Amino acid sequence: MFARNAVRAVARAAPRGSRAASADAGAGDYFAKRDAVRAHAAEVTQLWRRISFYVCVPATIACALWVRNVEAEHAEHVEHIKAEHDGHLPDIPQYEYMNRRLKPYPWGMNSLFFNPHVNKDLSDE
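Residues numbered from 1 in each chain as written. Predicted model: local features only at pLDDT ≥ 70, side-chain atom pairs only at ≥ 80, totals over all residues. Heavy atoms only, no water.

K.L.:
How should the overall build of the protein be read in this particular structure?
P.N.:
In terms of helices and strands, the protein carries 3 helices and 0 strands. Reading the protein from its N end, one meets helices and strands in the order α-α-α. Looking at the protein residue by residue over its 125 residues, the buried ones come to 3%. Total accessible area on the protein is roughly 11600 Å²; 61% of this is exposed by carbon and sulfur atoms. (Helix = DSSP H or I, 4+ residues; strand = E, 2+ residues; numbered from the N terminus. Buried < 20%, exposed > 50% of the residue type's maximum accessible area, 1.4 Å probe, protein only. Areas by Shrake-Rupley, 256 points an atom, 1.4 Å probe, with all protein chains shown as cover.)

Right, dumping it as C-alpha cells:
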C-alpha cells in the first residue's frame, strides 16, 4: 500500500504535457517546430489552391452550363406556349388562395420584389 501511494505521489509531482517538454527543450527545437509548421502551412495552402482550381472552378462552370441549358429549354417552352396562343401567354387561373392582399403594402399592392414579366400586377384590381 505504501508503494502504491509513493508511485502516485511521484506521478503527480512529475511535470506533464508540453510545458515540461518546452522547458527542457532548447531554442533549436523551437525553430525546428516553427519551420515544420511553416512547411506544413505551405503544403496545405498548395493543396487547397489545387482543389480550388481543379475542382471548384470546373464544378462552377459545369453548373453554369447546366443552368444555361435548363433556362434555354424553359425559354423555348414559353415561346411554344405563346405560339399556340397567338403570341400571348394564357391568363393565369384566378385561384382564391393566390395573391391575397387584405390591405396594401406601404408602397402599393405589389410586393417589394415585383417583376412584371413574372408576377401578376395587383395594382390593376
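K.L.:
Sorry, what's going on with the packing of aromatic side chains here?
P.N.:
We describe a pair of aromatic rings using the distance from one ring centre to the other and the angle between the two ring planes. As enumerated under the stated definition, the model contains 3 aromatic pairs in all. Where tyrosine 30 meets phenylalanine 31, the ring centres are 5.3 Å apart and the plane angle is 70 degrees; that geometry is what we call edge-to-face. For tyrosine 30, a relative accessible area of 52% puts it in the exposed group. Accessibility expressed as a relative area gives 39% for phenylalanine 31, which makes it partly exposed. (Phe/Tyr/Trp six-rings, centres within 6.5 Å; stacked < 30°, edge-to-face > 60°.)

K.L.:
What is the right way to read the pattern of salt bridges from this model?
P.N.:
Any two side chains of opposite charge can pair, given that their charged atoms come close. Scanning the entire structure with this criterion turns up 1 salt bridge. Residues aspartate 29 and lysine 33 are paired through a salt bridge, measuring 3.8 Å at the closest nitrogen-oxygen approach. Linking aspartate 29 with lysine 33, this pair stays in helix α3 (residues 27-84), spanning 4 residues, or about one helical turn. Here aspartate 29 falls in the partly exposed class, since its relative accessible area comes to 33%. (Salt bridge = Lys/Arg side-chain N within 4 Å of Asp/Glu carboxyl O.)

K.L.:
What is the right way to read α3 from this model?
P.N.:
Residues spaced three or four apart along an α-helix face the same direction, because each turn holds 3.6 residues. The first and last C-alpha atoms of α3 sit 83 Å apart over 58 residues, in line with the 86 Å expected at 1.5 Å per residue. Within α3, the axis deviates most sharply at serine 52, by approximately 30 degrees. The first or second residue beyond α3 is aspartate 86, which carries a positive phi of 60 degrees. (Expected span 1.5 Å × (residues − 1). Bend = angle between axes of the 7 residues up to and from the residue.)

K.L.:
I'm lost on a nonpolar patch on the surface in this one. Help?
P.N.:
A contiguous nonpolar patch, built from Phe53, Tyr54, Val55, Val57, Ile61 and Leu65 and spanning about 650 Å² of accessible area, is present on the exposed surface. Position of tyrosine 54 among the secondary structure elements: in helix α3. A relative accessible area of 65% means that tyrosine 54 is categorised as exposed. (Patch = residues over 30% accessible without salt bridge, like charges linked within 9 Å, V, L, I, M, F, W, Y side chains within 5 Å.)

K.L.:
Looking at this structure, I do not really get unusual backbone geometry. What am I missing?
P.N.:
It is generally the case that most residues other than glycine have a negative phi and that most peptide bonds are trans. Here aspartate 86, not a glycine, exhibits a phi torsion of approximately 60 degrees, which is positive. Its place among the elements puts aspartate 86 in the segment after α3.

K.L.:
Where do I start with the side chain of asparagine 110 in this structure?
P.N.:
Looking at the secondary structure, you find asparagine 110 in the segment after α3. In terms of polar contacts, asparagine 110 uses its side chain to reach the side chain of aspartate 121, at 2.7 Å. One polar contact links the side chain of asparagine 110 to the main-chain amide nitrogen of leucine 122, over a distance of 2.8 Å. With sequence-adjacent residues up to four places away left out, asparagine 110 is seen in contact with Tyr105, Lys120, Asp121, Leu122 and Ser123. (Polar contact = N/O pair within 3.5 Å; in protein donor to acceptor, adjacent residues only side chain to side chain. Contact = heavy atoms within 4.5 Å.)

K.L.:
Where do I start with the environment of aspartate 91 in this structure?
P.N.:
With respect to the helices and strands, the residue aspartate 91 is situated in the segment after α3. For aspartate 91, a relative accessible area of 76% corresponds to the exposed category. Residues aspartate 91 and lysine 120 lie 29 residues apart in sequence; the distance between their C-alpha atoms is 9.8 Å.

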